[in-house]
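Results of the structural survey
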Amino acid sequence: MEITTIIAYVLVVFTMFFGMTFGETGFNVSAIGNFFQVQSIFITIGGTFFVLLAAFPIKSFTHIPKHLKMIFFKNKQDPAEYVEILTELSKEARRKGLLALEAKAADIQDEFLKESVLRIVDAIEPDKLRSWFDQKLDYISARNDEERKLYDMGAALGPAFGMIGTLIGLINMLKNMSFEGGASTLGSDMSVALITTLYGSILANTLFMPISNKLEIAQERDLLIKELVIEGVVAIKEGENPKYIQDKLMNFLTEAEIKKANGEEPTKGGKAKGGKAKAKKGKDVES
């Protein structure tokens, strides 16, 4: 679990609860009812959702559970493991030839890595192979951008429908003031005008914008690992030295990841762990 994300949302809810209920005499929990209004909920949340439904195909909404999983669960992909796997594959290719990698690919669980290794075996020139990979990455990147558009548009629609609700409330307020007894509805009409604006801001700033930003970070990390894989397999195809390939791929790692890969990660007791990171079969990282 991404504990920081969970903690952040808990604190956001507490912050709003505190602002809504805390006064000169302390907490007044009943005051939370002042911020609940069915009309405002329907205008803001309903309007935003219905417009999103009109703007995007239903398939876009089926990706939401996958996106939430990416946001609330830690990414277990370790770039150092990919470096070690590709280094071992380069050694195997140098000893037994590229065709030997076909058998190795059968044991790889990561579909992108598996497909990439199988491409090495094909009789494709390195330049054409890199061009093919670049095209695939461009498609994945474009698809990621399309998936985030749902949340970006939601972040824009929330405040927009909040403003629509505000206008509805103000129009009703002014219209009712022209009738006898219209002053009695002044409070309810004004509350619709203000609460819809509040709901729209909350919807955009605590839901859609954080999801879009966190999703972009997760997708960029996924693309980085794919780029690492591509550099590795192209280098293997070109017959580069395994040590050179390893050093080249280490450039994709952060300083902390490099230290961990070299066995320099400190333990809780303060001593460094020995040995290099153990290679594991990668999991499916394709988005």
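Heads up: the structure comes first, above all this text.
So, how was this worked out
Residue numbering note: each chain is counted from 1, following its sequence as written. In keeping with the predicted nature of the model, local features appear solely for residues at pLDDT of at least 70, side-chain atom pairs appear and are counted solely at 80 or more, and the whole-chain, interface and lining totals rest on all residues. As a convention, hydrogens and water are excluded, and side-chain values are obtained from all of the structure's heavy atoms. Segments assigned H or I by DSSP are reported as helices when at least four residues long, segments assigned E as strands when at least two residues long, and all are numbered from the N terminus. Exposed residues in this analysis have more than 50% of their type's maximum accessible area, buried residues have under 20%, and partly exposed residues fall in between, with area computed by a 1.4 Å probe over protein chains only. By definition, residues are in contact when any of their heavy atoms lie within 4.5 Å. Note on patches: the residues involved have over 30% relative accessible area and no salt bridge, like charges join within 9 Å, and the nonpolar side chains Val, Leu, Ile, Met, Phe, Trp and Tyr join within 5 Å. Surface exposure here means Shrake-Rupley accessible area, sampled with a 1.4 Å probe, where a residue is shielded only by the protein chains that are shown. Salt bridge, as applied in this entry: a Lys or Arg side-chain nitrogen positioned within 4 Å of an Asp or Glu carboxyl oxygen. For the purpose of counting charges, residues Lys and Arg are taken to be positive, whereas Asp and Glu are taken to be negative. His and the chain ends are not included. Throughout, a charge is located at the NZ atom of Lys, the CZ atom of Arg, the CG atom of Asp or the CD atom of Glu. Whenever a nitrogen or oxygen atom comes within 3.5 Å of another N or O atom, the pair is scored as a polar contact, on the condition that within protein one atom can donate a hydrogen and the other can accept it, and that pairs from neighbouring residues in sequence are kept only if both atoms are in side chains. Only the stretch in contact is used when a helix axis is fitted, and all axes are lines through C-alpha atoms; the angle between N-to-C directions ranges over 0 to 180 degrees. Note on angle classes: values under 35 degrees are labelled roughly parallel, values over 145 roughly antiparallel, values of 65 to 115 roughly perpendicular, and the remainder oblique. Definitions for this section: a left-handed crossing has its near helix turned counterclockwise from the far helix by less than a right angle. A right-handed crossing has that turn clockwise. Here the term charged refers only to Asp, Glu, Lys and Arg, the term nonpolar to Ala, Val, Leu, Ile, Met, Phe, Trp, Tyr, Cys and Pro, and the term polar to all other amino acids, Gly among them.

1. Observations regarding the environment of Pro79
Note that Pro79 resides in helix α5 (residues 79-96). Classification of Pro79 as buried rests on a relative accessible area of 3%. Between the C-alpha atoms of Pro79 and Lys226, which are 147 residues apart in sequence, the distance is 9.6 Å. Setting aside its immediate chain neighbours within four residues, Pro79 contacts Arg221, Ile225, Leu228, Leu253 and Glu257.

2. Section: a negative patch on the surface
A cluster of like negative charges, contributed by Asp134, Asp138, Asp152, Glu216, Glu220 and Glu227, occupies part of the molecular surface. In this structure, Asp152 sits in helix α8 (residues 126-177).

3. Focus: the side chain of Thr166
Of note, Thr166 is situated in helix α8. Of the polar contacts made by the side chain of Thr166, one reaches the backbone oxygen of Gly162; its length is 2.9 Å. Every residue in contact with Thr166, bar those within four places of it in the chain, is listed here: Ala193, Thr196 and Thr197.

4. Thoughts on the packing of helix α7 (residues 111-121) against α8
Any two packed helices are characterised by the angle at which their axes cross and by the distance between the axes. The interhelical angle for the contact between α7 and α8, taken along N-to-C directions, is 160°, at an axis separation of 11 Å. In terms of orientation, α7 and α8 fall into the roughly antiparallel class. Viewed along their axes, α7 and α8 form a crossing whose handedness is right-handed. Residues Phe112, Glu115, Ser116 and Arg119 of α7 pack against Leu129, Trp132, Phe133, Lys136 and Ile140 of α8. In terms of residue class, the contact of α7 with α8 is built from five nonpolar, one polar and three charged.

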